[in-house]
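Geometric and topological summary
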Amino acid sequence: MKEGFRARMGILHTWAGLVLSALLFAIFWTGTLSVFDKEIDRWMMPVTRIGMHDFPALSVDRDVMPLLAERARAASAWSIILPSERTPYLGLSYDSPASHIPVRERFHPATLAPLPASNTRGASNFIYPFHHNLTLRQDNVGAWLVGIAGMGMLVLLISGVVIHRKIFAEFFTLRLLRSFGRANLDLHNVTGVVLLPFTIMITLSGLVIAHLIYFPQAPDAVLQDRPAPSASGAQARPRAAAATPGQPSGRAPRAQEGEAGRGGEGAQGAARRRFLAEALGRVRPPKAGEPAGMASIDAMIAAAEREWGAGAVYMVRANNPGDAGGIVALRMSSEDSVTKYIDNRRFSLATGDPVKSFQASPTVNVWNFIGGMHYLQFSNWLLRWLYFLGGLGACAMIATGLFHWTQARNKGSRGARLNVALMNVMNVSAVTGIIAATGAFLLANRCVGDKGQLAGMAGRDLEVYAFYGVWLLCALHAAVRVLTHPGQGYLRAWREQCWAIVALSVAAVVLNWVTTGDHLIKTMFTDPYWQVAGVDLSLLAAAALAVRAARKLALRERGGMQGKAMPPASEVHHA
């Protein structure tokens, strides 16, 4: 029975890997890059390469409010994002009478000069969204695909533990100097064992934080039958349910929903709004209809930071400015904590008096902690690099598993079977294809960026076209190689795309130097700016690894290792 169960788990592991590994690699690759999304933004947006160590703290009243008074006089809401180490500029966001889509502007933290709009989406607005929704936003199709892949990853991890008999021994077994196939399989096993806690944590947390997408009716089921809050803001307690234990006294003001919740879709909409208000503090206060002035924002920040600590406020948001009912909400930075804080302190915009603030419940803070572990927005550089290396290890685990499968199947069929040929094409384009596409994305940025040779064009679109275009070309290249050379074509495809990664990575580093003047000697020694230097060094490291992989693949292709036995496919299961 034990052997039968392990064999069945081996089949499940193989098929789940074949079906989902291409999607999983793309998700883990872009998630790994998202660990340093803001640092990649600095590389892609040269105008934001600003050091924060020499600048005094901003006064919102003296420095920022004149900018808002000039630009956002008729806005119904505006936000201020204060400069920080990872986002070293002042950010203003406000709507306009003509559109509720907010206008976003950036300013130098010392001179307050407007920074030119960057002609790029950057990592924050392309790589990071790709990680969690594949940029397929319609009806959350992409998020659902990511969720299915996440569930598949858990299946792969658990089945992988079951099928490995010598899991402890494999923790210490890594024979990189042995035959190519043996080293590849050892690397797959070691990364799977060593990174097992990390991959389970990152996969499970990704599923948990997206629970409202996968279970959209959950708030409706809990809240739609509960009485709406009274006009005074106090919550009426239903007869069948006690108040939530441990709920702090500083509750979020309820949205105006007393007239909603009478049944049907209105009840569901009211329940959803109440959930956002009660659990996440997302409310928009009504207007009083009376004009009013504005109290000191600096005084409000000082009052909040007496409780939170100096420098804790990172965002100031005002609703209904110029109205007697206007409210200012101050958000607390999460840079010094794993937990992704959503607490805020609120003040009357007209008088500066504190009003009912929002403090997340202990239950919500558990969810915020899980989200913080996944989003990784805290400024601990050691943990950030460990996350990055863990993500790369997970990518290596997926890639080596795919390569081992293709090696074993091609050895038996000489690549002549159509299903094996199609898997070869998918595996090559899924791994080296998306890595090359990322290099093309960065290279296109330096061609069309703020100081690029094609500045003024729709750079943000051309970058995306370059990404998907090169990815498609890699798939076509793999198909041509595999179909025209059934025996060794997949090895040629892997090797040639590794050289493409080398060319794209080195070209991106060189073009960054040419277009901005920020070469590695400058960013590392004469005028250190490690965000940019880190991206350049990572590109060069990727090029070096690709060179080594290409040379190993060339030896394999020439038959230099034919005398060394390839580990059979069954070894990966240790059956």
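Residues numbered from 1 in each chain as written. Predicted model: local features only at pLDDT ≥ 70, side-chain atom pairs only at ≥ 80, totals over all residues. Heavy atoms only, no water.

**Section: the overall build of the protein**
Selection rule: Under the scheme used here, helices are H or I runs from DSSP no shorter than 4 residues and strands are E runs no shorter than 2 residues, and both carry numbers assigned from the N terminus. Residue burial is assigned from relative accessible area. The probe radius is 1.4 Å, only protein chains are included, and a residue is buried under 20% of its type maximum, exposed over 50%, and partly exposed in between. Between two residues, a contact is recorded if the distance between any of their heavy atoms is within 4.5 Å. Where accessible areas are quoted, they stem from the Shrake-Rupley method and a 1.4 Å probe; at the residue level, only the protein chains shown are allowed to cover.
Each helix and strand in the protein was counted, giving 19 helices and 7 strands. Buried residues in the protein amount to 51% of all 575 residues. Relative to all contacts within the protein whose residues are 6 or more apart in sequence, the contacts with residues 24 or more apart total 70%. Split by element, the accessible area of the protein, about 27400 Å² in all, is 64% carbon and sulfur.

**Side note on the pattern of salt bridges**
Going by this rule: One side-chain nitrogen of Lys or Arg within 4 Å of one carboxyl oxygen of Asp or Glu is enough to make a salt bridge.
Scanning all chains against the criterion turns up 13 salt bridges. We note a salt bridge from Arg121 to Asp461, for which the minimum N-O separation is 3.0 Å. Placement of the pair is Arg121 in the loop between strand 3 (99–107) and helix 4 (123–133) and Asp461 in helix 16 (residues 459–484), with a sequence separation of 340 residues. Linked by salt bridges that have partners in common, Asp37, Glu39 and Arg86 make up one network.

**Looking at the nonpolar core**
Basically, it comes down to this: Definition of nonpolar core: a set of buried residues of the types Ala, Val, Leu, Ile, Met, Phe, Trp, Tyr and Cys, connected through side-chain atoms within 4.5 Å.
In this structure, Leu24, Phe25, Phe28, Trp43, Ile434 and Phe467 are the most contacted members of the largest nonpolar core, which totals 75 residues. Once residues lying within four places of it in the same chain are set aside, the contact partners of Trp43 are Arg49, Leu442, Asn445, Arg446, Ala508, Asn512, Val532, Val535, Asp536 and Leu539. Residues Met65, Tyr94, Val316 and Val328 belong to the second largest nonpolar core, which totals 30 residues.

**Overview of the sheet that holds strand 6 (residues 344–348)**
The strands that make up a sheet pair up through hydrogen bonds in the backbone, lying either parallel or antiparallel. Convention followed: Only strands joined by at least two bridges in the DSSP assignment are considered to pair. Fitted lines through C-alpha atoms serve as axes, helices being fitted only where they are in contact, and the angles separating the N-to-C directions of these axes extend from 0 to 180 degrees.
Taken in spatial order, the 7 strands line up as 3-2-1-4-5-6-7 in an open sheet, and their pairing is antiparallel. In this open sheet, the two strands that pair with only one neighbour each are strand 3 and strand 7 (354–358). Strand-to-strand twist across the sheet, computed as the mean angle between neighbouring axes with direction ignored, equals 20°. Pairing between strand 6 and strand 7: 3 bridges, direction antiparallel. Its bridge partner being in strand 7, Phe347 is matched across the sheet by Pro354. Strands strand 1 (77–81), strand 2 (90–96) and strand 3 of the sheet are contacted by helix 3 (residues 60–71), whose axis makes an angle of about 35° with strand 2.

**With respect to the environment of Arg121**
To be explicit about the condition: Polar contact is defined as a pair of N or O atoms within 3.5 Å, subject to the rule that within protein one atom must be able to donate a hydrogen and the other to accept it, and that residues adjacent in sequence are counted only when both atoms are side-chain atoms.
Arg121 gets classed as partly exposed once you look at its relative accessible area, which sits at 24%. The spatial distance from the C-alpha of Arg121 to the C-alpha of Glu463 is 8.2 Å, given a sequence separation of 342 residues. Sequence-distant contacts of Arg121, that is, excluding residues within four places in its chain, are made with Met45, Phe126, Arg460, Asp461, Glu463 and Val464. Only 3.0 Å separates the side chain of Arg121 from the side chain of Asp461, close enough to count as a polar contact.

**Focus on the environment of Ala544**
For Ala544, the position within the fold is in helix 19 (residues 530–557). When the C-alpha atoms of Ala544 and Ile501 are compared, they prove to be 9.7 Å apart, with 43 residues separating the residues in sequence.

**Details of unusual backbone geometry**
Unlike most non-glycine residues, Asp139 shows phi in positive territory, near 55°. Although it is not a glycine, Asn320 sits at a positive phi angle of roughly 60°.

**As for helix 3**
Among all positions of helix 3, only Val60, Asp63, Val64, Met65, Leu67 and Leu68 are buried. Lining the buried residues of helix 3 we find strand 1, strand 2, strand 3 and helix 12 (297–308).

**Here we look at the packing of helix 15 (residues 418–448) against helix 17 (residues 489–516)**
Any two packed helices are characterised by the angle at which their axes cross and by the distance between the axes. Selection rule: For classification purposes, angles smaller than 35 degrees are called roughly parallel, those larger than 145 roughly antiparallel, those between 65 and 115 roughly perpendicular, and all remaining angles oblique. Left-handed describes a crossing whose near helix is turned anticlockwise from the far helix by less than a right angle; the clockwise case is right-handed. Residues are sorted three ways: Asp, Glu, Lys and Arg are charged, Ala, Val, Leu, Ile, Met, Phe, Trp, Tyr, Cys and Pro are nonpolar, and all the rest, Gly among them, are polar.
Close contact between helix 15 and helix 17 brings their axes to 8 Å; oriented N to C, the two are set at 15°. By the angle class used here, helix 15 and helix 17 are roughly parallel. Remark: the crossing between helix 15 and helix 17 carries left-handed chirality. Taken together, the residues that form the contact of helix 15 with helix 17 break down as 16 nonpolar, 9 polar and 1 charged.

**What to know about the pairing of strand 2**
Burial analysis of strand 2 places 6 of its 7 residues in the buried class, which makes it a mostly covered element. Of the pairings in the sheet, the one linking strand 1 to strand 2 comprises 4 bridges and is antiparallel in character. From the neighbouring strand, Ile80 faces strand 2, where its bridge partner is Leu92. Where strand 2 lies against strand 3, 6 bridges are found, and the strand directions are antiparallel. Paired with Gly91 across the two strands is Arg106, which belongs to strand 3. Here strand 2 folds back onto strand 3, and the loop between the two strands holds 2 residues.

**Notes on the side chain of His108**
On the secondary structure map, His108 appears in the loop between strand 3 and helix 4. Within polar-contact distance, the side chain of His108 engages the backbone nitrogen of Ala110 at 3.1 Å. If we ignore the near neighbours within four places in the chain, the residues touching His108 are Ile50, Phe55, Ala113 and Leu115.

**Looking at a nonpolar patch on the surface**
This is how it is decided: Residues enter a patch when their relative accessible area is above 30% and they make no salt bridge; the linking distance is 9 Å between like charges and 5 Å between nonpolar side chains (Val, Leu, Ile, Met, Phe, Trp, Tyr).
Together, Val506, Val510, Trp513, Val514, Trp530, Leu537 and Leu540 give the surface a local cluster of nonpolar side chains, amounting to about 650 Å² of exposed area. The element best represented in the nonpolar patch is helix 17, accounting for 4 residues. Here Trp530 shows up in helix 19.

**Section: the confidence of the model for the protein**
We apply this condition: Per residue, pLDDT measures the predictor's confidence, with a range of 0 to 100.
Residue-level pLDDT values for the protein average 84, and 84% of them are 70 or greater. In this model residues 230–265 is a low-confidence stretch, pLDDT under 50, and it forms 55 contacts with partners more than four residues away in sequence or in other chains. This stretch, residues 560–575, has a pLDDT under 50; its non-local contacts, to residues over four places away or in other chains, come to 40 contacts.

**So, the pairing of strand 1**
Burial within strand 1 is extensive, with 4 of its 5 residues counted as buried. By the bridge criterion, 5 bridges tie strand 1 to strand 4 (residues 313–319) in an arrangement that is antiparallel. The partner of Trp78 across the bridge, within strand 4, is Ala318.

**Here we look at the packing of helix 5 (residues 141–163) against helix 8 (residues 196–209)**
Relative to each other, helix 5 and helix 8 sit at 155°, their axes nearing to 9 Å. Relative to helix 8, the element helix 5 lies roughly antiparallel. In this structure, helix 5 meets helix 8 at a crossing whose hand is left-handed. On helix 8, the residues touching Gly147, Gly150, Met151, Met153, Leu154, Leu157 and Val161 of helix 5 are Leu196, Thr199, Ile200, Thr203, Leu204 and Leu207.

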